[in-house]
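In case you want the letters, here they are:
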Amino acid sequence: MIIDFEHRQSAHCETGVISNLMRHHGLDISEPLALGIGSGLFFAHMPFIKVNGLPVTTYRIMPGDIFKKFSKRTGVEMKREKFSSPEKAMDALDACLEQGLPVGMLTSVFYLPYLPRAFRFHFNAHNIVVYGKEGNDYLVSDPILEKTEVIDRRMLIRARFAKGMPNTNGRMYYPTHVPQDVDINAAIIKGLKYTAKDMGTIPIPIFGGKAIGFLASRVGKYETKYGKEEAKKYLGNIVRMQEEIGTGGAGFRFMFGAFLQEASARLGNPILHKKSLEITKIGDLWRNFAYDCGRMVKGRADGMTYQDLADQLSDIGKKEILFFQSIHKMKF
Amino acid sequence: MKKEDVPQDDENLFEGKFKVVKYAVDEDGKYGTVGSSGWEPENAVLNQAWEEINKKVAETKKKIEAGELSPLAYHMEKNIMDVGMLSQYMEIGKRNVSKHLEPSGFNSLDEKTLKRYADVFDITVEELKKIE
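Since we're looking at a predicted model, the values are computed, not measured.

Let's talk about the overall build of chain B
Item 1. When its secondary structure is counted, chain B shows 7 helices and 2 strands.
Item 2. Element order for chain B, N to C, with α for helix and β for strand: β-β-α-α-α-α-α-α-α.
Item 3. In terms of overall size, chain B is more extended than a compact globule, its C-alpha atoms giving a radius of gyration of 21 Å where 132 residues would be expected to give roughly 14 Å.
Item 4. Overall size of chain B, expressed as C-alpha extent along the three principal axes, is 70 × 30 × 25 Å.
Item 5. Out of the 132 residues belonging to chain B, those deemed buried represent 31%.

Considering the overall build of chain A
Item 1. Of regular secondary structure, chain A possesses 11 helices and 8 strands.
Item 2. The C-alpha atoms of chain A give 20 Å as radius of gyration, which agrees with the globular expectation for 332 residues (20 Å, within 12%).
Item 3. Projected onto the principal axes, the alpha-carbon positions of chain A cover approximately 60 × 50 × 30 Å.
Item 4. Out of the 332 residues in chain A, the part that is buried amounts to 49%.
Item 5. A fraction of 68% describes how many contacts in chain A between residues 6 or more apart in sequence connect residues 24 or more apart.

Quick look at the interface of chain B and chain A
Item 1. The partner chain A presents 37 residues to the 31 residues of chain B that form the contact.
Item 2. Considering every element that reaches the side of chain B that touches chain A, the biggest residue donor is helix 1 (residues 40-65) of chain B, with 10 residues.
Item 3. A per-class count over the side of chain B that touches chain A returns 20 nonpolar, 3 polar and 8 charged.

A word on the pairing of strand 4 (residues 103-107) of chain A
All names here are of chain A.
Item 1. The element strand 4 is largely enclosed, with a buried count of 5 among its 5 residues.
Item 2. Of the strand pairs in this sheet, strand 4 and strand 8 (residues 172-177) are connected by 2 bridges, and their pairing is antiparallel. Each bridged residue has a counterpart across the sheet, and for Gly 104 the counterpart in strand 8 is Tyr 173.

Concerning the sheet that holds strand 6 (residues 137-141) of chain A
Sheet strands pair by backbone hydrogen bonding; their relative direction is either parallel or antiparallel.
All names here are of chain A.
Item 1. As summarised here, the arrangement of the 6 strands in space is 3-8-4-5-6-7, forming an open sheet in which the pairing is antiparallel. Looking along the sheet, the strands with just one partner apiece sit at the ends: strand 3 (77-81) and strand 7 (149-152). The sheet shows a mean angle of 40° between the axes of neighbouring strands, direction not considered.
Item 2. Sheet topology note: the strand 5 (residues 126-134)/strand 6 ladder contains 5 bridges and is antiparallel. For Glu 134, the partnering residue across the bridge sits in strand 6 and is Asp 137.

Considerations on the nonpolar core
Item 1. One finds Ile 18, Val 130, Met 255 and Cys 293 of chain A to be the most contacted residues of the largest nonpolar core, which totals 104 residues.
Item 2. Among the elements that make up this core, the one with the highest residue count is helix 10 (residues 270-297) of chain A (9 residues).

A closer look at the domain arrangement of chain B
Item 1. Here chain B is partitioned into domain 1 (3-38) and domain 2 (42-128).
Item 2. Each of domain 1 of chain B and domain 2 of chain B has a C-alpha centre, and the two are 38 Å apart.

Quick word on the environment of Asn 79 of chain B
Item 1. Mapped onto the secondary structure, Asn 79 of chain B falls in the loop between helix 2 (71-78) and helix 3 (83-90).
Item 2. Along the backbone, Asn 79 of chain B and Val 57 of chain B are 22 residues apart, and their C-alpha atoms lie at a distance of 9.5 Å.

Notes on the environment of Glu 87 of chain A
Item 1. You can see Glu 87 of chain A is positioned in helix 4 (residues 86-98).
Item 2. Placed 169 residues apart in sequence, Glu 87 of chain A and Phe 256 of chain A show a C-alpha to C-alpha distance of 40 Å.

Let's talk about the packing of helix 10 of chain A against helix 11 (residues 306-328) of chain A
Residues and elements named next belong to chain A.
Item 1. Between helix 10 and helix 11, whose axes approach to 10 Å, the crossing angle comes to 160°. Taken together, the axes of helix 10 and helix 11 lie roughly antiparallel to each other. For helix 10 against helix 11, the interelement crossing comes out left-handed. On the side of helix 10, the interface is formed by Lys 275, Glu 278, Ile 279, Ile 282, Leu 285, Trp 286, Asn 288, Phe 289, Asp 292, Cys 293 and Met 296, while helix 11 contributes Leu 309, Gln 312, Leu 313, Ile 316, Lys 319, Glu 320, Phe 323 and Ile 327.
Item 2. Across the contact of helix 10 with helix 11, the residue classes tally to 12 nonpolar, 2 polar and 5 charged.

Some remarks on helix 1 of chain B
Item 1. The terminal C-alpha atoms of helix 1 of chain B lie 37 Å apart, and with 26 residues this matches the ideal 38 Å at 1.5 Å per residue to within 8%.
Item 2. Pro 41, Glu 42, Asn 43, Ala 44, Val 45, Leu 46 and Thr 60 of chain B are the residues of helix 1 of chain B that are buried.
Item 3. Against the buried residues of helix 1 of chain B lie helix 8 (228-244) and helix 10 of chain A together with helix 2 of chain B.
Item 4. One or two residues past the end of helix 1 of chain B sits Gly 67 of chain B, with phi positive at roughly 80°.

Focus on the pairing of strand 1 (residues 20-25) of chain B
All names here are of chain B.
Item 1. Most of strand 1 sits inside the fold, with 6 of its 6 residues counted as buried.
Item 2. Judged by which residues are buried, strand 1 turns out to be covered on both faces: Val 20, Lys 22 and Ala 24 on one side and Val 21, Tyr 23 and Val 25 on the other are all buried.
Item 3. With 6 bridges joining them, strand 1 and strand 2 (residues 31-36) adopt antiparallel strand pairing. Among the inter-strand pairings, Val 20 is bridged to a residue of strand 2, identified as Ser 36.
Item 4. Here strand 1 hands over to strand 2 after 5 residues, with Gly 29 in that stretch at a positive phi of 80°.

Parameters and conventions
Residues numbered from 1 in each chain as written. Chains lettered and ligands numbered in written order. Predicted model: local features only at pLDDT ≥ 70, side-chain atom pairs only at ≥ 80, totals over all residues. Helix = DSSP H or I, 4+ residues; strand = E, 2+ residues; numbered from the N terminus. Rg over C-alpha atoms; globule rule 2.2 N^0.38 Å. Buried ≥ 20, exposed ≤ 12 C-beta atoms within 10 Å, placed from the backbone. Contact = placed C-beta atoms within 7 Å. Nonpolar A, V, L, I, M, F, W, Y, C, P; charged D, E, K, R; others polar. Pairing = 2+ DSSP bridges. Axes fitted to C-alpha atoms, helices over the stretch in contact; angles between N-to-C directions. Core = buried A, V, L, I, M, F, W, Y, C linked by C-beta atoms within 7 Å. Domains from an automatic or database assignment. Parallel < 35°, antiparallel > 145°, perpendicular 65-115°, else oblique. Left-handed = near helix turned anticlockwise from the far one by under 90°. Expected span 1.5 Å × (residues − 1).

Okay, here's the thing in structure tokens:
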């Protein structure tokens, strides 16, 4: 049982799965458009929530929420299921495949043997599409890979029933209704406004653009507070969230720039094109920050201090707040 | 980021399997995608995370050899788990897992529990008792 499914590589798993699944059901949505309509870009720094002993910094909204917001704004109806046992979860998957439906699902990268060793941590929110079955093997479209892959039933069960943050519980999803007359432009505006409002106007310091300044104030104190070695771990974690986990560069800021260009063309709005160039410049500042953090982590700081890094972040924070406030004020 | 600036700092972290997608602009400022085989700062922080894991594994090994911990501690660290996660996989309390991390607690485990631990790590019971 193999479904004719077109696999296209993307930067990020959730936006990639949205794009690939929608195209399969006749709705041509690029990855940046999925990010923008689903309001994927965000920023939050939560020092009191720790993973592996390090505070959480995120450049995106909660896993799964991009798909939820995207569906709501486009009228796509999704069936979402979780299961109490692997047998039930695999039976439900097989039944969908029999009906010719490719299925999106939540997996832990730790148990995906086709991924390079260095990337296999206990990250339990990785989205893939299964589009076929041959004997005991399942055919996988993993959006971050160039080509499709194969995984055997036993390992797929392990990946689908991972424990931790969160328990994956065999979660799977597939569209049950994809309207063919979606008002993409209206969905773009909704998605954009939501992101601009959250990034530009949330008054709480740990969320949105303000949180970048908040993180800056923490980074400035890292070395005195935690000591040289611990401080490096804190810094490294910020950069890993920004660059490594499929963001398309600069913590989704470049993908968002691509979204703004597509939005500009579709809406015939030249201001959004200008905004795209602005966020690209901000993205470049994020990249400079990551580059300098890398030097610090490797002990090649050449006199650069944590306060210098904090100043860079603080500057980025101010620019992002102004940037998103200017979009928030736009009339469409 | 300009397309020509998309980094290609290959340190074999992708094992030559694929390139990741980055979004970048061309000379006219138009966005597109470019494959990247890695970026030095990214590689640095990823290696940093693994060095930390390897350090913990090595420290745990020493403690096991000194009789302070059971081999279970080694497999837990090697699989990047902590007591909380392992107790979830085992569906037993954290306190029980902590007890099994001690040599006396581990040595008194029945075959059934040993097999369950071995299954969590995808190894045999024989392998569970060793630190290799």
